[in-house]
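# Summary of structural features
Single-letter residue listing:
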Amino acid sequence: MTPARPSPTPDAVFAAQQAWRWTAAQTTAPQRQIILRRLHDAVRAHRTALADALRRDLGKSRAEAELTEIHPVLEELQHVIRRLPRWMAPRRVRTPLALVGSSSELRATSRGVTLILSPWNYPVNLALAPLVASLAAGNTVILKPSEKAPHVARALHDLIDSVFEPKLAAVITGDADTARALTALPFDHILFTGSTAVGRHVMQAAAANLTSVTLELGGKSPAIVDSSADLRLAAERIAWGKFLNAGQTCMAPDYVLIAESQRDAFVSAVQEITTQRFGTPERLRGGPDYGRMVDAASVERLERLTRQSAVQGARIVLGGEFDPQARFISPTVVTDVTPDMPLMQEELFGPVLPVLTYRTLDEALEYVRRNDPPLALYVFAQDAGVIERSKRHTTSGGLVVNGTVIHLTNPNLPFGGVGTSGMGAYHGEHGFRTFSHERAIMHEGPRSSVRFTYPPYGRPLPRVAAWALRALERQTGPRD
């Protein structure tokens, strides 16, 4: 058996990747496809180890690990491999008539040495999907996984170490101090996925080196249920999106806004669907289908917010079981919630669903606008006018009509936030563009008149350029 390579220091890896970045940048589409196929094969070879690590860190079932973590990465790789030659091809763009004989193009060039800071909630998917984009763009990559999912971090290290030399791609494990040390280095691009608070620190560190950043953050993503909605469908899909991964999904519906007259029917449907999905409370807690919180502190935080809201008048109508030692929170629904309650003051990031009511759609849309732009907005309605108003009168990173979370699975759609929920996007071609620099290239022809020589300052312009200048003078007056 070949012994594992000793883990190099972050500074040593960064220096090696700086030395290699121009070689990586010169790779052709077929060469990058080979790199990505090697990664694809490595993910398949390590899928059992990855699934086991996800079970140990987050209590994910094998089915959930495959559905939300491993399979999406394999799909992303296949999508990128097929389309990469077209994305890399120079794109001709139009050139003004005055520049006779000139041609213009856009060429996607590699950024250089890149850093990916990935989170713990989807520690495989949200580490490897950006890695795919960066390698496709011809960069070198340092991946720093979250220390809160240590078994996955080790599995990712073993996977990448088995297929790439550190000068091209490497995993560096460690705590928050390691992440801070990495962000202080002069990377050419950083992609961070995590909380808004930490995202601000990453952006501040990047500013010292004028490093460009992509920030994938979060926030309180609302689900608006209109009176025209199919209530059963809304309850089913909101419950699925909320309780997936024990609610630890950046795009999970954080709270529900529903018409007053429909609240009770909606809550009853969620209760019924949750029982059907997870079974009895005993099976819910002991079975393999429902995940665990990442740590005891997360359980304690959500319990505090829920209990404090209950003291102020909220009602726990489903669940409400909190066990920090077991890292367990039962699927919980809370009604009679008002905007000033603790549950509405921060992103919940767990399986607690506050339900608020509204009287008119304008009231619901105004509430969404009053808060920070969410990473996602979910609108449940059958009325086309309601759907269009929701699109036109709100902003969010993404919007799904009559569904939740599912837009993440479409590689043709960008995944990203806006404002406090993030900046920039990736997935598919959008990820390739994020990790590339769109270089403007122009070949000037021998008859180009870009210098605007014009009597009495020089020789006459070519006929086309002179015609264009006369047309401009008719609109703006003669040049001085």
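What this report covers is the structure whose coordinates are included nearby. Source: prediction; values computed, not measured.

### Here we look at the side chain of Ser309
- In this structure, Ser309 sits in helix H12 (residues 296-311).
- Residue Ser309 is classed as buried on the basis of its relative accessible area of 0%.
- A distance of 3.1 Å separates a polar side-chain atom of Ser309 from the backbone nitrogen of Leu343.
- If we ignore the near neighbours within four places in the chain, the residues touching Ser309 are Ala314, Met341, Pro342 and Leu343.

### Here's the deal with the sheet that holds strand E5 (residues 169-171)
- Spatially, 6 strands are ordered E5-E4-E3-E6-E7-E18 in an open sheet, and the strand pairing comes out mixed. Edge positions in the open sheet fall to E5 and strand E18 (422-423), since each of these has one partner strand only.
- Docked against the sheet, helix H5 (residues 125-136) engages strand E3 (113-117), strand E4 (140-144), E5 and strand E6 (189-193), running at close to 170° with respect to E4.

### Some details on a nonpolar patch on the surface
- Residues Leu67, Trp240 and Ile406 make up a contiguous nonpolar surface patch of roughly 300 Å² in combined accessible area.
- Assignment of secondary structure puts Leu67 in helix H4 (residues 62-88).
- Accessibility expressed as a relative area gives 55% for Leu67, which makes it exposed.

### Examining the nonpolar core
- Of all hydrophobic cores here, the largest spans 121 residues; its most connected members are Leu39 and Phe266.
- Broken down by element, the residue count for this core peaks at 10 residues, all from H4.
- The residues touching Phe266, leaving out its near neighbours within four places in the chain, are Leu231, Ala234, Ala235, Ile238, Val256, Ile258 and Val355.
- In this structure, Ala170, Leu182, Phe187 and Leu217 belong to the second largest nonpolar core, which totals 19 residues.

### Some remarks on the layout of surface pockets
- Estimates place the volume of the largest pocket at around 1,400 Å³.
- Elements represented by at least two residues in the lining of the largest pocket include exactly helix H7 (176-183), E6, helix H8 (196-208), H12 and helix H13 (361-370).
- Ranked by residues supplied to the lining of the largest pocket, first place goes to H8 with 7 residues.
- Counted by class, the lining of the largest pocket contains 21 nonpolar, 15 polar and 13 charged residues.
- Its boundaries defined by the atoms lining it, the second largest pocket holds a volume of some 510 Å³.
- Around the second largest pocket sit 26 residues that line it, and Leu67, Pro72, Asn125, Leu408 and Thr409 are the ones nearest its centre.
- Counting only elements with at least two residues in the lining of the second largest pocket, the list comes to H4 and H5.

### Observations concerning the pairing of strand E8 (residues 221-225)
- With respect to burial, E8 is a largely interior element, 5 of its 5 residues being buried.
- Relative to strand E9 (residues 253-259), E8 is paired through 5 bridges, and the arrangement is parallel. When the bridges of E9 are listed, Ile224 appears paired with Leu257.
- Following the chain from E8 across helix H9 (residues 231-243) to the adjacent parallel E9, one finds a crossover that is right-handed.
- Sheet topology places E8 next to strand E15 (residues 376-380); 3 bridges connect them, and they run parallel. Each residue of the ladder has a partner; that of Ile224, found in E15, is Val379.

### Remarks on the environment of Ser134
- With respect to the helices and strands, Ser134 occurs in helix H5.
- Once residues lying within four places of it in the same chain are set aside, the contact partners of Ser134 are Thr114, Asn139, Thr140, Val141 and Phe435.

### Side note on the pattern of salt bridges
- Tallying each qualifying case throughout the model produces 26 salt bridges.
- Residue Glu438 pairs with Arg433 through a salt bridge whose shortest N-O separation is 3.0 Å.
- Here the salt bridges share partners, and the residues they tie into one network are Arg91, Glu429, Arg433 and Glu438.

### Things to note about the side chain of Thr140
- For Thr140, the location among the structural elements is in strand E4.
- Note on Thr140: relative accessible area 0%, which makes it buried.
- If we skip the residues at most four places from it in the chain, Thr140 touches Gln17, Trp20, Arg21, Ala24, Gly112, Val113, Thr114, Ser134, Lys167 and Leu168.

### Overview of unusual backbone geometry
- The phi torsion at Asn402 lies on the positive side, around 60°, for a residue other than glycine.
- With respect to the secondary-structure elements, Asn402 resides in the loop between strand E16 (398-401) and strand E17 (415-416).
- Take Asn402: its relative accessible area is 16%, and that puts it in the buried class.
- For His427, which is not glycine, the phi torsion reads 100° and is therefore positive.

### A few points about the sheet that holds strand E20 (residues 436-443)
- Judged by pairing direction, the sheet is antiparallel, and its 3 strands sit side by side in the order E1-E2-E20 without closing on themselves. Two strands lie at the open edges of the sheet, namely strand E1 (91-93) and E20, each paired on one side alone. Neighbouring strand axes in the sheet, compared pairwise and without regard to direction, differ in orientation by 30° on average.
- Strand direction decides the pairing type here: strand E2 (residues 103-110) and E20, joined by 8 bridges, are antiparallel.

### Some thoughts on the packing of aromatic side chains
- Counting across every chain of the model gives 7 aromatic pairs.
- Relative to Phe432, the ring of Trp87 has its centre 5.9 Å away and its plane inclined at 40°; by these criteria the two rings are tilted. Pair noted here: Trp87 is in helix H4 and Phe432 is in helix H15 (residues 428-434), with a separation of 345 residues, a long-range link.
- Residue classification places Trp87 among the buried residues on the basis of a relative accessible area of 2%.
- Judged by its relative accessible area of 1%, Phe432 falls in the buried class.
- Both rings, one in Trp120 and one in Phe349, keep their centres 5.5 Å apart while their planes meet at 85°; by these two values the pair is edge-to-face.

About the thresholds
- Residues numbered from 1 in each chain as written.
- Predicted model: local features only at pLDDT ≥ 70, side-chain atom pairs only at ≥ 80, totals over all residues.
- Heavy atoms only, no water.
- Helix = DSSP H or I, 4+ residues; strand = E, 2+ residues; numbered from the N terminus.
- Buried < 20%, exposed > 50% of the residue type's maximum accessible area, 1.4 Å probe, protein only.
- Polar contact = N/O pair within 3.5 Å; in protein donor to acceptor, adjacent residues only side chain to side chain.
- Contact = heavy atoms within 4.5 Å.
- Pairing = 2+ DSSP bridges.
- Axes fitted to C-alpha atoms, helices over the stretch in contact; angles between N-to-C directions.
- Patch = residues over 30% accessible without salt bridge, like charges linked within 9 Å, V, L, I, M, F, W, Y side chains within 5 Å.
- Areas by Shrake-Rupley, 256 points an atom, 1.4 Å probe, with all protein chains shown as cover.
- Salt bridge = Lys/Arg side-chain N within 4 Å of Asp/Glu carboxyl O.
- Core = buried A, V, L, I, M, F, W, Y, C linked by side-chain atoms within 4.5 Å.
- 1 Å grid on protein atoms, 1.4 Å probe; cavity = no way out; pocket = protein on both sides within 12 Å on 5 of 7 lines; lining within 4 Å.
- Points joined across faces, edges and corners; volume = space filled by probe spheres on them.
- Nonpolar A, V, L, I, M, F, W, Y, C, P; charged D, E, K, R; others polar.
- Right-handed = clockwise from strand over helix to strand, strands pointing away.
- Phe/Tyr/Trp six-rings, centres within 6.5 Å; stacked < 30°, edge-to-face > 60°.

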